Amino acid sequence: MEKHLGLQNLLVLAFILLSVSFSEQLQSSQVETLLRIQNLLNYPPALSSWNNDTHFCKTEPSSTVTVICYEESITQLHIIGVKGASAFPKYFSIDSFVTTLVKLPSLKVLRLVSLGLWGPLPSKLSRLSLLEILDLSSNYFQGDILREISSLTSLQTLVLDGNKFTGKLPNGIGSLMVLAVLSVKNNSLDGHLPDTLQDLHNLRLLALSRNNFTGDVPDLSSLENLQVLDLADNSFGPKFPRVSSKIQSIVLRNNKFTAGIPEKVQSYNHLEHMDISLNRFMGPFPPSLLSLPSITYLDVAGNKFTGMVFEDNQCNAGLDFVDLSTNLLSGRLPSCLVTGSKHRIVHFSNNCLATGDSSQHPFSFCRNEALAVGILPHHHKQKPSSKVVLALIICGSITGVVLVCATILIVRNFLAKEAARKTPTRLIVENASSAYTLKLFTDARYVTQAMKLGSLSLPSYRTFSLEELKVATNNFDAATFIGNNSDGQTYRGQLKDGSHIAIRRLKMKQGNSSQNVMHHIELMSKLRHHLVSTLGHCFECYLDDSSVSRIFLVFEYVPNGNLRSWISDRHAKRRLTWTQRIATAIGVARGIQFLHTRIVPGIFSNNLKITDIVLDQNLVAKTCSYNLPILSENVKENFQNLSSGSKELKSVRANYEDKSDVFDFGVILLEIISGRQINTKNEARFIQNQLQESIMANEVERKNVVDPAIRNYCLDESLKTMIEICSRCLLQDAEDRPSVEDAIWNLQFAAQVQDALKRDSSSSDASPISDLYNLQTNLSCKSKSSRI
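Cut-offs applied
Residue numbers run consecutively from 1 along every chain, following the written order of its sequence. For this predicted model, a pLDDT threshold of at least 70 governs which residues receive local features, and a threshold of 80 or more governs which side-chain atom pairs are given and counted, while totals over whole chains, interfaces and linings are taken from all residues. Only heavy atoms go into the side-chain values, all of them from the structure, while hydrogens and water stay out. Where helices and strands are cited, they refer to DSSP runs of H or I of at least four residues and of E of at least two residues respectively, numbered from the N terminus. Type-normalised accessible area, obtained with a 1.4 Å probe on protein chains alone, sets the label of each residue: buried when under 20%, exposed when over 50%, and partly exposed for intermediate values. The contact definition used throughout considers only heavy atoms, calling two residues in contact when any of these lie within 4.5 Å. The method behind every accessible area is Shrake-Rupley, applied with a 1.4 Å probe, and residues are considered shielded solely by the protein chains displayed. Any cysteine sulfur atom paired with another within 2.5 Å is treated as part of a disulfide. A carboxyl oxygen of Asp or Glu within 4 Å of a side-chain nitrogen of Lys or Arg is what we treat as a salt bridge. The predictor reports its confidence for every residue as pLDDT, a score running from 0 up to 100. Take the residue count of a helix, subtract one, and multiply by 1.5 Å to get its expected span. One requirement defines pairing of two strands: DSSP has to find at least two bridges between them. Structural elements are reduced to axes, namely lines fitted to C-alpha atoms, with helices fitted over the stretch in contact, and the angle between N-to-C directions of any two is expressed from 0 to 180 degrees. With respect to orientation, any angle under 35 degrees is reported as roughly parallel, any angle over 145 as roughly antiparallel, any angle of 65 to 115 as roughly perpendicular, and every other angle as oblique. Side-chain classes follow a simple rule in which Ala, Val, Leu, Ile, Met, Phe, Trp, Tyr, Cys and Pro form the nonpolar group, Asp, Glu, Lys and Arg form the charged group, and the remainder, Gly included, forms the polar group. Working definition of a nonpolar core: buried Ala, Val, Leu, Ile, Met, Phe, Trp, Tyr and Cys residues. They are joined through side-chain atoms within 4.5 Å. Boundaries between domains were set according to an automatic or database domain assignment. Note on ring pairs: Phe, Tyr and Trp rings are taken, using the six-membered ring of Trp, and paired if centres are within 6.5 Å. Classes follow the plane angle, with under 30 degrees stacked, over 60 edge-to-face and the rest tilted. Charge-over-ring contacts are defined here by two conditions on Lys NZ or Arg CZ: a distance within 6 Å of the ring centre and an angle within 35 degrees of the ring normal.

Asker: Can you tell me about the overall build of the protein, naming the residues and giving the values?
Answerer: Broken down by element type, the protein carries 19 helices and 31 strands. Counting only residues that meet the buried cut, the protein has 47% of its 788 residues in that class. When contacts within the protein are restricted to residue pairs at least 6 apart in sequence, long-range pairs at least 24 apart make up 56% of them. A total accessible area of about 39900 Å² is found for the protein, and carbon and sulfur atoms account for 54% of it.

Asker: Run through the state of the cysteines, naming residues and quoting values.
Answerer: Per the stated rule, a full pass over the model turns up three disulfides. Each sulfur of the disulfide joining Cys57 and Cys69 lies 2.0 Å from the other. A torsion of -85 degrees about the S-S bond marks the disulfide between Cys57 and Cys69 as left-handed. Residue Cys57 is found in the loop between α1 (2-41) and β1 (65-70), and its partner Cys69 is found in strand β1; the two are separated by twelve residues along the sequence.

Asker: Run through the pattern of salt bridges, naming residues and quoting values.
Answerer: According to the stated counting rule, one finds 18 salt bridges in the structure shown. Between Lys164 and Asp733 there is a salt bridge, and its shortest N-O distance comes to 3.9 Å. Pair noted here: Lys164 is in strand β8 (residues 164-167) and Asp733 is in the loop between α17 (716-729) and α18 (740-762), with a separation of 569 residues, a long-range link. Residue classification places Lys164 among the buried positions, given a relative accessible area of 13%. The salt bridge involving Lys246 is made with Glu224; its shortest N-O contact spans 3.9 Å. Here Lys246 is found in the loop between β14 (235-236) and β15 (249-251), whereas its partner Glu224 is found in the loop between β12 (212-215) and β13 (228-230), with 22 residues between them in sequence. The partly exposed category is assigned to Lys246, whose relative accessible area is 43%.

Asker: Explain the confidence of the model for the protein to me, and be specific about the residues and the numbers.
Answerer: In the predicted model, the protein carries a mean pLDDT of 79, and the fraction of residues at 70 or more is 75%. Predicted confidence for residues 377-395 stays below pLDDT 50, and this span has four contacts to residues more than four positions away or in other chains.

Asker: Account for helix α15 (residues 681-695), with residues named and values stated.
Answerer: With 15 residues, α15 extends 21 Å from end C-alpha to end C-alpha; this agrees with the ideal 21 Å at 1.5 Å per step. Check the buried side of α15 and you find it contacts α14 (658-674), α16 (699-703) and α17.

Asker: Describe in detail the sheet that holds strand β10 (residues 188-191), supporting the description with residues and values.
Answerer: The sheet built from six strands is open, its strands ordered β4-β6-β8-β10-β12-β14 with parallel pairing. In this open sheet, the two edge strands, each paired with only one partner strand, are β4 (118-120) and β14. Note: β10 against β12, two bridges, orientation parallel. Among the inter-strand pairings, Asp190 is bridged to a residue of β12, identified as Asn212.

Asker: Please set out the pairing of β1 residue by residue, giving values where relevant.
Answerer: Where β1 meets strand β2 (residues 73-80), six bridges bridge the pair, whose relative direction is antiparallel. When the bridges of β2 are listed, Val67 appears paired with Leu77. With antiparallel pairing between neighbouring strands as the criterion, β1 and β2 make up a hairpin whose turn holds two residues, including Glu71 at a positive phi of roughly 50 degrees.

Asker: With reference to specific residues and values, describe the sheet that holds strand β19 (residues 304-309).
Answerer: Here four strands make up an open sheet; going across it, the order is β17-β19-β21-β23 and the pairing parallel. The open sheet is flanked by β17 (282-284) and β23 (352-353), the only strands paired with a single partner.

Asker: If you had to explain the packing of helix α11 (residues 578-597) against α14 to someone new, which residues and values would you point to?
Answerer: Orientation of α11 relative to α14, taken along the N-to-C sense of each, is 170 degrees, at an axis distance of 11 Å. By the angle between their axes, α11 is roughly antiparallel relative to α14. Contacts between α11 and α14 involve Trp578, Arg581, Ala585, Val588, Ala589, Ile592 and His596 from the first element and Asp658, Asp661, Phe665, Ile668, Leu669, Ile672 and Ile673 from the second. The residue makeup of the contact of α11 with α14, split by class, is ten nonpolar, one polar and three charged.

Asker: Any chance you could break down the pairing of strand β29 (residues 548-556) for me, citing the residues and the numbers?
Answerer: Most of β29 is tucked away, with eight of its nine residues classed as buried. Both strand β27 (residues 500-507) and β29 contribute to a ladder of seven bridges, which runs antiparallel. Each residue of the ladder has a partner; that of Leu506, found in β29, is Ile551. With seven bridges joining them, strand β28 (residues 534-541) and β29 adopt antiparallel strand pairing. Residue pairing in the sheet places Cys538 in a bridge with Phe552 of β29.

Asker: Could you give me a rundown of unusual backbone geometry, with the residues and numbers involved?
Answerer: Leaving glycine aside, a negative phi is the common case for residues, and trans is the common case for peptide bonds. In this structure, the amide linkage connecting Tyr43 to the following residue, Pro44, adopts the cis form with an omega of 0 degrees. Following the sequence through the fold, Pro44 ends up in the loop between α1 and β1. Across the junction of Gly237 and Pro238, the peptide omega takes the value 10 degrees, indicating a cis bond. The backbone of Glu72 shows a phi angle near 60 degrees, a positive value even though the residue is not glycine. Its place among the elements puts Glu72 in the loop between β1 and β2. By relative accessible area, Glu72 is classed as partly exposed at 39%. With a phi angle near 55 degrees, Asn474 is a residue other than glycine that sits in the positive phi range. Note on placement: Asn474 falls in the loop between α8 (466-472) and β25 (481-485).

Asker: Which residues make up the nonpolar core, and what values do they have?
Answerer: In this structure, Leu77, Phe97, Leu110, Leu117, Leu125, Leu182 and Met274 are the most contacted members of the largest nonpolar core, which totals 95 residues. When residues of this core are traced back to their parent elements, those giving at least two are α1, β1, β2, α2 (94-101), β3 (109-113), β19 and α3 (335-338). Looking at this core, the element that brings in the most residues is α1, giving six residues. Composition of this core by domain shows at least three residues from each of domain 1 (27-281 + 291-299) and domain 2 (282-290 + 300-374). With residues near it in sequence (within four places) discarded, Leu110 still touches Leu77, Leu101, Leu125, Leu128, Leu131, Ile133, Leu134 and Asp135. Among the nonpolar cores identified, the runner-up in size contains 45 residues, and Ala621, Ile687, Ile695 and Leu719 belong to it.

Asker: Please give an account of the packing of aromatic side chains that cites residues and values.
Answerer: By the definition in use, this model includes 14 aromatic pairs. Between Trp50 and Phe56, the ring centres sit 5.0 Å apart and the planes meet at 90 degrees, which makes this aromatic pair edge-to-face. On the basis of relative accessibility, which here comes to 8%, the residue Trp50 falls in the buried class. Note on Tyr297 and Phe321: the rings are 4.5 Å apart at their centroids and 10 degrees apart in plane angle, and the pair reads as stacked. Of this pair, Tyr297 sits in strand β18 (residues 297-299) while Phe321 sits in strand β20 (residues 321-323), and the two are 24 residues apart along the sequence. A relative accessible area of 16% means that Phe321 is categorised as buried. Aromatic rings pair up to connect Phe240, Phe257, Phe281, Phe285 and Phe305 into one cluster. Sitting over the ring of Phe464, Arg462 keeps its end group 3.9 Å from the ring centre.

In structure tokens form, the structure reads like this:
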């Protein structure tokens with residue numbers, strides 16, 4: 001019996017020893033994993049103290065590095081770098097890093113913030129199946145968000161802010177049933193949001209700002225726990241999002257919402273923060289928003305809200321910030337906004353409020369603007385007329401029409417006689433007043449000396465008669481039809497003097513007076529430098545209210561087709577040389593520079609494509625499709641905001657709106673260099689990667705990615721410069737892209753290097769150029785002293 005008990009005690013002791021040994025082995029494995037992570041990152045500096053003797057489970061947490069254990073297993077890992085840290089070198093492998101990371105299978109919290117990690121996120125990250133919090137913000141991750149993320153069913157917080165993720169938000173996100181925080185701010189995600197967001201019933205915060213999302217937001221009203229909705233700086237719209245009445249913060253700033261505010265919003269008793277500024281919201285503004293029981297911040301600026309506000313409108317005592325500016329509001333500013341809290345900030349300029357100062361428009365302005373966008377003020381509804389009044393109106397109308405017709409006939413005969421007596425050419429009756437025409441050409445806000453010089457080769461801008469345009473196009477015959485798009489139809493025509501023109505015919509909504517439209521005609525008349533220029537316009541008006549029904553914009557006709565037909569068209573009979581391609585690229589960049597900086601307000605986000613660049617008879621590149629302000633739905637808002645001063649213009653530039661055109665220019669450069677047509681983002685990415693890899697390769701390999709038609713004629717230094725500036729233009733982060741001026745300088749350098757090396761190689765007694773630095777320095781000095 002005693003022997004049996006002794007044997008039993010020995011077995012228990014052996015089991016304990018084995019357990020301790022196994023525990024030590026497990027801990028040793030995790031130590032090796034952490035030291036491997038230290039070796040791969042070598043950043044932040046706090047990692048340098050790790051070694052084989054470090055007892056990680058007992059280290060003090062810090063602001064940069066924290067390791068937390070539970071039962072000898074690492075369950076939390078926090079590594080935080082400095083915001084804005086540069087990306088790791090090219091030899092860094094995110095795949096190797098994640099392969100090491102997943103050897104900590106007990107991780108529940110993983111935060112890797114501002115470390116410079118880059119590359120597509122490996123799918124093996126989904127092996128950390130116990131993760132509850134994943135924060136990878138402020139890195140350089142790119143590509144699609146993992147579809148396998150849906151397998152992390154324990155995930156409660158997912159933060160991917162400040163990366164370079166592209167593509168759509170994956171549908172599988174809806175399977176994360178316990179997800180409470182979803183934040184993917186400041187990426188390049190696009191497309192519509194998945195309907196599966198409706199399934200995230202535990203969601204408390206949804207932050208999607210500063211991406212490229214489009215379309216209506218899915219119905220989120222079933223998400224009873226949702227407290228914060230941040231959709232700023234996207235292209236959502238047109239309908240106001242449907243959310244639960246328990247929402248606390250709604251941020252829709254700078255999107256494309258156009259409908260009115262739903263009545264239900266006025267019952268959001270928990271709403272504290274509401275920012276719907278810089279959209280296109282129309283309809284009456286509900287003053288009850290000012291008195292919501294929890295509201296502290298309300299910004300509705302930069303919309304088309306109409307209606308009266310009154311002095312006795314109530315405000316919530318806790319309301320600290322209100323911005324009603326740049327709408328179509330009338331009436332009197334509520335007294336609670338004037339005499340409320342000393343700390344309350346209130347903005348209300350650019351309305352039609354009776355404030356007695358110059359910050360407001362006259363009442364007629366708001367009424368006319370409301371009619372122009374199709375908003376009928378409630379207090380202007382007409383009552384049914386009596387039969388007597390109706391009969392008088394009909395009789396008066398008939399009499400008026402007869403008198404007008406008679407007057408027209410008399411004036412026409414008189415003008416015809418005067419024209420025959422004074423000059424053999426036919427008189428053109430101007431459709432705009434002489435006073436406005438004079439203002440059109442003397443307003444110094446829009447025109448620079450460089451632009452005046454650039455337009456000397458074109459006739460002066462003028463108004464055309466509709467009859468003149470009908471003659472030029474044989475009454476808009478189908479044979480003169482060039483194309484059709486959402487803006488209108490385009491026709492080719494020939495004037496009496498033999499010059500060829502292109503005419504774009506645009507239909508307008510009723511209510512736009514010629515005075516309103518002339519603001520934008522005035523701006524367009526100045527668009528000439530490296531652009532297909534507007535030569536004039538013609539108005540066609542409604543008979544009942546004299547508002548503009550159609551506008552005919554007259555452009556110069558450029559005969560040599562678009563740039564693609566000279567670069568990558570298989571059927572092209574002639575292709576541009578390398579020198580001509582550089583010159584063409586410079587012309588395109590100068591056109592963009594002009595749109596951005598040589599007029600006020602600048603014209604941005606032009607969505608340029610290589611087929612928008614045409615060549616004139618001298619093979620000079622001109623941009624034929626830019627963001628004409630008269631074609632923009634929010635044209636009046638843009639004009640009022642940006643022409644009023646430089647602060648707003650700087651704000652637009654600060655948001656890197658100009659860099660979207662730089663990216664489009666980079667895609668055009670890709671096709672110019674490679675000679676291959678680029679029609680999709682994937683094609684652009686593929687060719688971009690080839691060019692980037694060629695920068696570090698030798699000259700022979702570099703020329704293998706160039707258009708075969710010119711690869712034997714482009715000199716390596718010139719080609720390398722072109723590839724480098726092209727690659728920089730295509731960087732995902734807009735802040736990292738070069739300015740248009742920087743792009744022009746590099747292109748000029750590429751052109752002069754090509755020219756200098758050619759002269760050098762053709763000279764019998766010349767030595768190879770060895771001082772390109774001096775050439776570059778000279779170019780820099782010229783560029784800074786004589787920019788167009």
